[in-house]
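Chain by chain, the residues:
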Amino acid sequence: MPAASGIMTQVSWPELAEIVGKEHLRDATAADAIDGVQPQMVAEPGTAEELARALGWARGGGLKVAPRGGCTKLGWGNPPTGCDLVLSTARLNRVLEHAWADMTVIVEAGCRVADLQKALSEHRQRLALDPLWPENATIGGILSTNDSGTLRVRYGSLRDLIIGITIALPDGNLAKSGGKVVKNVAGYDLSKLFTGALGTLGVIVQAIFRLHPLPRESRSLSFSGTPESLNQLLLAIQSSKLTPTGLQLRAAAGSAQLDIRFDGTAPGIQAQVKQVEQIAGSLVPSDAAADVWASHQAIWDGVSPALVAKFNVLPTSFAAVCAQVQRVAGAQSLAWKVVVQSVGTGYARLEGNERALRTALLALRDELAKMGGTMVALGCPVAVKHGLDVWGPPADTQPLMVRIKQRFDPDGILNPGRFLGGI
Amino acid sequence: MEASIFDEFRAIVGASGLITETDELRTYECDGLTMFRVVPLAVLLPTSTEQVQAIVRVCHREKIPFVARGSGTGLSGGALPVANGIVLSLARMNRILEVDLPNQRVVVEPGVMNLNVTARVAPDGYFYAPDPSSQQVCSIGGNVAENSGGAHCLKYGFTTTHVLGMEVVLPDGTLIHLGDRTVDRPGYDLPGVFVGSEGTLGIATKVILRIIKRPEVVQVLLAAFNSTNEAGAAVSGIIAAGMLPAAIEMMDNLAIQAAEAAVQANYPNCGGLLLVELDGPAPEVETLMEEVDEVCTKCGAWEIRVAQSDAERARVWTGRKAAFAAVGRLAPAYIVQDGVIPRTALPQVMSEIDRLSSEVGLRVANVFHAGDGNLHPLVLYDDAVPGQPKAAEKLANDILRLCIKAGGSITGEHGVGEEKKMFMAEMYAEPDLETMQLVRCAFDPENLSNPDKVFPRPRLCGEKPGVYEPHPLEVAGVAQRF
């Protein structure tokens, strides 16, 4: 065990080693830091019970804890106000039960999304979600960050797919909500409370999802045009009888595309393609490039420093958002691009210096607020985060959210400061 | 309650919005579950958010418990009044406030009838997806409280999928806005927690709904089997083929007889009837309908019909939607049960129900949302025969235990309410219930909003979270912490 210092002088790490096994407790390195905040140790419990006990132990010692999955979104949220221990779910990585005839799966939180999908594909099923970096992202991680992708237009987001959850709480207990049936209204739906809570209320150790069949056939088209014309086309598609499984608008300086995907039987797809061509009128589609449905992930790549912000707006505002991003980026001499899903969630990427990124974020947030939207800074240098809340201004629900946090985590040990309004 | 408080209530809602006469109060003594009845001190009928807020503020100040009520169609006693409290009826808050077709949003007050939302947007080709069987009379506020489902939630999801935001009066009278017209508002998913909380976390005074476009084609296939097991095998076959029908419903022979007697739905007299509804693009539905037909035939269906027109389809559904009430023609009284099982457990659970039913000597009709495993056994009895009501209740309860044992749930859509709160302790472990209480205590630390529902025992939230401090009632020895 390392020599401890400061607050750590009171910590008896061997006790934790006893809980998780000493080979699963190690010194944290610089690579484990979250937004520059350096934890002391990293523990990898092997069971849900071990994880809960470790969390209870940490609370007893007054330690701040950061739950961690695949490390793909570790920089999301505000910088933590403290972090002593990283609790990794890396060893909780099993698919426990794939009840394919019931179309449900019970999976541990540390299971990587791609591994889960591979297991499900054996029965031609999937978790109908295409989150970021599935090769590394874990179930617990996508749940805690409420990550979703292009399939959302048809299958909903995680809140619509999760049917049960097991969580470890700071008091050292494990608690469950929901179960392995799709339809269930017994008790409060804690699955939804924990989805998107960024690990501030407890640590997700297990989840149960409803599944969908893999599509039989699939075909995607892309249209080019102006953001305005494509926004109109998107609205026309939404008000038609078409049932796309993907519908997104992409824009960057001087170019804009709309992508649409149809899944189903070959005759069904063919009929829908014909209809969308009719609706589009003078806009003529081409077969979509293979990687268009990874655009929400590709937007994270590029030169740095950069800001990747998630925004939520109404579908009628997409062109206006593009115009505002272009205007604000122009004023700050930033490169920009946008990809937005038809449900109203999108990413904007801005590249340039840190000061300009920050100015642009605040300006865009104001503009989006006028449209009833919000903007959250997800990926950016720590310097951009200082002095602002990456989540945006709190709303009238903030006191209630604080009360919920206090009930679940009375000592504020879980990811302190990283969530909305300093929660 | 002191007279001055009645005066205060009257000043808020006017004389026509306050009911205090016992005879009139009896209208509100129960909801759709009539076995529980309690007469409240008063019923208030506010017409605005401001009035609801003002009433709740008085309740909070005076520690008067309140129960919100929509249309009173609930089947678990969720709107059962409390004797020392008031009922807040949202029936007069029944306006559709905003229709935004391009963004597919509708904003309504809680007293709006479910079906009226669809009626309003139907001319433009939209509909509101959750369709509980009571949709002609049940309110959106009640749907929010119960997270109502319906036959089509297999494909389209439940109320929680379609409610994006709400204006809510918290139990201390604070007005807040959960969610929004846009999705993924930063912060905790409070709409996700509030929907389905059965009125225990506050009162929704405005609800933002998502509407969706009507599919191009809707077809219903009706297939007759000799048994529910054969019908169940067909359901598994349909799912295994990778289809997601809009609805799959099953009825057993007794339920079919009831539906026939009541509405002459022209169902074949068979042991297990399956209704499979597919919707979507015409060529897609056509292709898949042929496959459904094949699966059913392979599993032993001896009669298959496809309803093509809207009128035919409506008639097929009439029998199913009328099934609960229709059972009243077969017996003087019946209990509607609502349990959920993993779909694959159906044969085993059905044979257990048969066994229990013949042991007790009471008939059970079964209506089943087969796609999502939601079972509605109807336990028939004669309330004039001594012992039968008790026996029926026990049988209904034993069926719930079968559901729990099969890995299912004690309620799929009717809610826990008053009726099933004791079963919560059988379905969940103590830490699970304790954890749910954390939510309750954050919203309603004084336990005023629909108290004593959902959870098996009243609990105390303590004065503040964190370090344990005895509640004054504990110190006084009049309450105990569990």
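Scoring rules and cut-offs
Residues numbered from 1 in each chain as written. Chains lettered and ligands numbered in written order. Predicted model: local features only at pLDDT ≥ 70, side-chain atom pairs only at ≥ 80, totals over all residues. Contact = placed C-beta atoms within 7 Å. Helix = DSSP H or I, 4+ residues; strand = E, 2+ residues; numbered from the N terminus. Nonpolar A, V, L, I, M, F, W, Y, C, P; charged D, E, K, R; others polar. pLDDT = per-residue confidence, 0-100. Buried ≥ 20, exposed ≤ 12 C-beta atoms within 10 Å, placed from the backbone. Pairing = 2+ DSSP bridges. Domains from an automatic or database assignment. Expected span 1.5 Å × (residues − 1). Arc of directions from axis to C-beta. Axes fitted to C-alpha atoms, helices over the stretch in contact; angles between N-to-C directions.

## Quick notes on the interface of chain A and chain B
Listed per partner, the contact involves 73 residues of chain A and 74 residues of chain B. Breaking the side of chain A that touches chain B down by element, the ones donating at least two residues are α6 (158–161), β9 (174–178), α7 (190–194), β11 (212–213), α8 (227–238), α9 (266–280), β19 (374–379) and α14 (398–408) of chain A. By residue number, the principal contributor to the side of chain A that touches chain B is α14(A), which donates 7 residues. Looking at the side of chain A that touches chain B residue by residue, the class counts come to 31 nonpolar, 27 polar and 15 charged.

## Side note on the confidence of the model for chain A
Scored by pLDDT, chain A comes out at a mean of 96, with 98% of its residues at no less than 70. Across residues 1–8 of chain A the pLDDT falls below 50, and counting only partners more than four positions away or on other chains, this stretch makes 6 contacts in the model.

## Structural notes on the pairing of strand β13 (residues 247–252) of chain B
All names here are of chain B. For β13, a buried count of 6 out of 6 residues is recorded, marking the element as mostly surrounded by other parts of the structure. Neither face of β13 is open: one carries Ala247, Glu249 and Met251, the other Ile248, Met250 and Asp252, and all of them are buried. Bridge count between β13 and strand β14 (residues 272–280): 6 bridges; the pairing is antiparallel. If you follow Ala247 over to β14, its bridge partner there is Glu277. Note: β13 against strand β18 (residues 364–369), 3 bridges, orientation antiparallel. Looking at the pairing, Met251 lines up with Val367 of β18.

## Digging into the domain arrangement of chain B
When the parts come together, some accessible area is lost, and that loss is often what is quoted as the size of the interface. Residue and element names in this part refer to chain B. Assigned domains of chain B: these are domain 1 (3–89), domain 2 (96–213), domain 3 (217–405) and domain 4 (424–475). Each of domain 2 and domain 4 has a C-alpha centre, and the two are 27 Å apart. Taken residue by residue, the interface counts 8 residues in domain 2 and 10 residues in domain 4. Classifying every residue of the side of domain 2 that touches domain 4 gives 4 nonpolar, 3 polar and 1 charged.

## Considerations on helix α11 (residues 318–331) of chain A
Each α-helix winds once per 3.6 residues, and so residues spaced three or four apart point in a common direction. All names here are of chain A. Along its 14 residues, α11 runs 20 Å from first to last C-alpha, staying within 8% of the 20 Å computed at 1.5 Å per residue. Taken together, the buried positions of α11 are Phe318, Ala319, Val321, Cys322, Gln324, Val325, Val328 and Ala329. Next to the buried residues of α11 lie α8, β13 (246–252), β16 (306–312), β17 (335–341), β18 (345–351) and α12 (354–370). Phi for Ser333, located one or two positions after α11, is positive at around 55°.

## A few points about the confidence of the model for chain B
Residue and element names in this part refer to chain B. Here chain B averages 92 in pLDDT, while 95% of its residues score no lower than 70. Below pLDDT 50 for its whole length, residues 463–472 participates in 13 contacts with residues either more than four positions away or in separate chains. Predicted confidence is poor over residues 478–482, with pLDDT under 50, and the contacts of this stretch with residues over four places away or in other chains come to 11 contacts. Across the assembled chains, the prediction reports ipTM 0.96 with pTM 0.95.

## Some points on α14(A)
Burial in α14(A) covers these residues: Leu400(A), Met401(A), Ile404(A), Lys405(A), Arg407(A) and Phe408(A). The arc that holds every buried residue of α14(A), seen down its axis, measures 165°, which confines them to one face. Considering only its buried residues, α14(A) is in contact with β9 (175–179) and α17 (430–443) of chain B.

## Looking at unusual backbone geometry
At the junction of Ser304(A) and Pro305(A), the peptide bond is cis and its omega measures out at 0° in the coordinates. Here Asn266(B), not a glycine, exhibits a phi torsion of approximately 65°, which is positive. The topology assignment puts Asn266(B) in the loop between α10 (253–263) and β14. Within the chain, Val454(B) stands out as a residue other than glycine whose phi angle is a positive 70°. Relative to the assigned elements, Val454(B) resides in the loop between α17 and α18 (472–475).

## Examining the environment of Asp259(A)
Among the secondary structure elements, Asp259(A) is positioned in strand β14 (residues 255–264). When the C-alpha positions of Asp259(A) and Leu249(A) are compared, they lie 6.4 Å apart, and in sequence the two are 10 residues distant.

## Some details on the pairing of β19(A)
Along a regular strand, successive side chains alternate from one face of the sheet to the other. Residue and element names in this part refer to chain A. Within β19, 5 of the 6 residues are buried, leaving the element largely enclosed by the surrounding structure. Relative to β19, β16 runs antiparallel, the two sharing 5 bridges. Directly across from Val308, in β19, lies its bridge partner Gly379.

## Examining the sheet that holds strand β6 (residues 104–108) of chain A
Residue and element names in this part refer to chain A. Reading across the sheet, the 5 strands line up as β5-β6-β10-β8-β9 and stay open at both edges, with antiparallel pairing between neighbours. Each of the sheet's edge strands pairs with one partner strand only, and the pair in question is β5 (95–99) and β9. Sheet twist, expressed as the average angle between the axes of neighbouring strands with direction ignored, equals 10°. As defined by bridge partners, strand β8 (residues 162–168) adjoins strand β10 (residues 203–210) across 6 bridges and the pair is classed as antiparallel. Note on β10: the bridge partner recorded for Ile167 is Ile204.

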